[in-house]
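# Remarks on the overall topology
So you can see what is in the structure, the chains are spelled out below.
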Amino acid sequence: MAQVGIIGGGAFGTAMACVLRRQRHEVVLWAREAEVVGAINRDRANTMFLRGVTLPDGIVATPDMGVAVRDAQIVLLAPPAQHMRAVTTQLRPWLAAGTPVVSCSKGIEQGSYALMSQVLAVTLPDAPVSILSGPSFAAEIAVDLPAGVTLACADPALGAHLEQAIGSARFRVYLSDDVIGSQISGVMKNVLSIACGIVTGKNLGNSMRAMLVARGLAETVDLGLVLGARLETFLGLSGIGDIDLSCNSPQSRNMSLGMALGEGRSLADVLGERITVQEGVHSASAVAALADRLGVEMPIARLVDRVLNQSADPGREIDTLMALPFGVERTVVPWLRRGPQPA
């Protein structure tokens, strides 16, 4: 049994509190919102971000970041990706040197184009960093439905320790040392699920959505390999597993957003109705800019960026995508033979 601090009282942070508390860990969760703290401590519920779930006994919520990580042996980080830098800068004075942190946030920072591990290398330089990623809807793991995820960690010994602490028969953890690759798919699945939602909202069929998943995976691989990831990572849980889940279920916040855009609603109207963050909205522009910088062809990611950030018409963008010149579908075999090519 370990003392675990969780930073972030949104849906996924709360769900991970459920996962860890069922394993008899002492869990203290920091939330910015006073109503979230009160509801968890009083009602065993997070009605703001995770409706309909009764939390296990013993989860303690606090508005005090220092209390959340005091004596913590493991700290999970689950703020929105665009807030990771600010939140962990605030956390740094309270976190004991050497305390392992596990990032659960999937996104790329706008402006810097930094992955979460790169943000944490600056804001928490004394903390060993791991990445938790993979197909895991918060509403499902919170009620103990089975799932499997990837834990990416550069230190094999630390990875094995965290695997045993976090994993269970209902929440399987698979180790990887590809910290970059495990994050790239987490970024891209949010962007791709918006594209798949647009297609679904416009009633363009399952065949079109399957094409976007397959070609979107190819874009993800191209970007990841240029950044130093390994191909096999994209064939696992944090790769195609996460993409498949998010691109094929309206339960995905990003896919449901895309569906609304495909049905003709405006981005401002849809976001105005929601209190949760759709990470793909923020990641799309960063991915498109990063692709330009690295010279990576990513037509689907650019389509999503134009719809979200340049007021492009979704239907016209789909037509433009389908009108691109025909080409040869590259298989993974050349990559396996020669490895990633320079940008």
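Use the structure listed above.
First, a word on scope: everything that follows refers to the structure included in this document.

Glancing now at the overall build of the chain. Looking only at helices and strands, the chain features 16 helices and eight strands. Here the chain has a C-alpha radius of gyration of 20 Å; the compact-globule value for 343 residues is 20 Å, and the two agree. Judged by the C-alpha coordinates and their principal axes, the chain covers about 60 × 45 × 35 Å. By the burial criterion, 57% of the 343 residues in the chain qualify as buried. Nonlocal contacts in the chain, meaning residues at least 24 apart in sequence, comprise 71% of its contacts between residues at least 6 apart. Roughly 14,700 Å² of accessible area belongs to the chain as shown, and the carbon and sulfur atoms make up 53% of that amount. Here the chain carries 28 positive and 31 negative side-chain charges, and the mean point of each set is 2 Å from the other.

To continue, consider the nonpolar core. In summary, soluble globular proteins display a tendency toward joint burial of nonpolar side chains. Leu212, Val287, Met298, Val304 and Leu308 are the most contacted members of the largest nonpolar core, which totals 47 residues. Mapped by element, the contributors of at least two residues to this core are α8 (179-201), α9 (206-226), α10 (237-247), α11 (253-262), α12 (267-272), α13 (279-294), α14 (299-309) and α15 (314-322). The biggest single contributor to this core is α8, with 11 residues. Discounting residues that sit within four places of it in the chain, Val304 has contacts with Val191, Ile194, Ala195 and Ala284. In this structure, Ala11, Cys18, Val19 and Leu55 belong to the second largest nonpolar core, which totals 41 residues.

Bringing the packing of helix α4 (residues 84-91) against helix α5 (residues 116-123) into the picture now. Direction vectors running N to C along α4 and α5 enclose 30 degrees, while the axes themselves pass 9 Å from each other. When the interaxial angle is binned, α4 and α5 end up roughly parallel. Crossing of α4 against α5: the hand is right-handed. Counted together, Met84, Arg85, Thr88 and Thr89 of α4 and Met116, Val119, Leu120, Val122 and Thr123 of α5 form the full contact between these two elements. Along the lines of polarity and charge, the residues of the contact of α4 with α5 split into five nonpolar, three polar and one charged.

Counting through the fold element by element, Gln183 comes out in helix α8. Apart from the residues lying within four places of it in its own chain, the contact partners of Gln183 are Leu115, Met116, Ser117 and Ile131.

Glancing now at the sheet that holds strand β2 (residues 26-30). The sheet built from eight strands is open, its strands ordered β3-β2-β1-β4-β5-β6-β7-β8 with mixed pairing. Two strands lie at the open edges of the sheet, namely β3 (60-62) and β8 (171-176), each paired on one side alone. In this sheet, adjacent strand axes meet at a mean angle of 25 degrees when their direction is disregarded. In this fold helix α1 (residues 11-22) packs onto β1 (3-7), β2, β4 (74-77), β6 (129-133) and β8, with an angle of close to 170 degrees to the strand it touches most, β2. Contacts from α8 reach β6 and β7 (147-153) within the one sheet, and its direction differs from that of β6 by about 40 degrees.

For the structure shown, the criterion picks out one cavity of 30 Å³ or more. In this structure, the largest cavity encloses a volume near 70 Å³. Taken together, Ser103, Ser105, Lys106, Gly107, Met116, Ile131, Leu132, Ser133, Ser182, Gln183, Gly186 and Val187 form the lining of the largest cavity. Taken together, the elements giving at least two residues each to the lining of the largest cavity come down to β6 and α8. For the lining of the largest cavity, the element with the most residues is α8, which contributes four residues. For the lining of the largest cavity, the per-class residue count stands at four nonpolar, seven polar and one charged.

How each quantity is defined
- Residues numbered from 1 in each chain as written.
- Predicted model: local features only at pLDDT ≥ 70, side-chain atom pairs only at ≥ 80, totals over all residues.
- Heavy atoms only, no water.
- Helix = DSSP H or I, 4+ residues; strand = E, 2+ residues; numbered from the N terminus.
- Rg over C-alpha atoms; globule rule 2.2 N^0.38 Å.
- Buried < 20%, exposed > 50% of the residue type's maximum accessible area, 1.4 Å probe, protein only.
- Contact = heavy atoms within 4.5 Å.
- Areas by Shrake-Rupley, 256 points an atom, 1.4 Å probe, with all protein chains shown as cover.
- Lys, Arg positive; Asp, Glu negative; His and termini not counted.
- Charge placed at Lys NZ, Arg CZ, Asp CG, Glu CD.
- Core = buried A, V, L, I, M, F, W, Y, C linked by side-chain atoms within 4.5 Å.
- Axes fitted to C-alpha atoms, helices over the stretch in contact; angles between N-to-C directions.
- Parallel < 35°, antiparallel > 145°, perpendicular 65-115°, else oblique.
- Left-handed = near helix turned anticlockwise from the far one by under 90°.
- Nonpolar A, V, L, I, M, F, W, Y, C, P; charged D, E, K, R; others polar.
- Pairing = 2+ DSSP bridges.
- 1 Å grid on protein atoms, 1.4 Å probe; cavity = no way out; pocket = protein on both sides within 12 Å on 5 of 7 lines; lining within 4 Å.
- Points joined across faces, edges and corners; volume = space filled by probe spheres on them.

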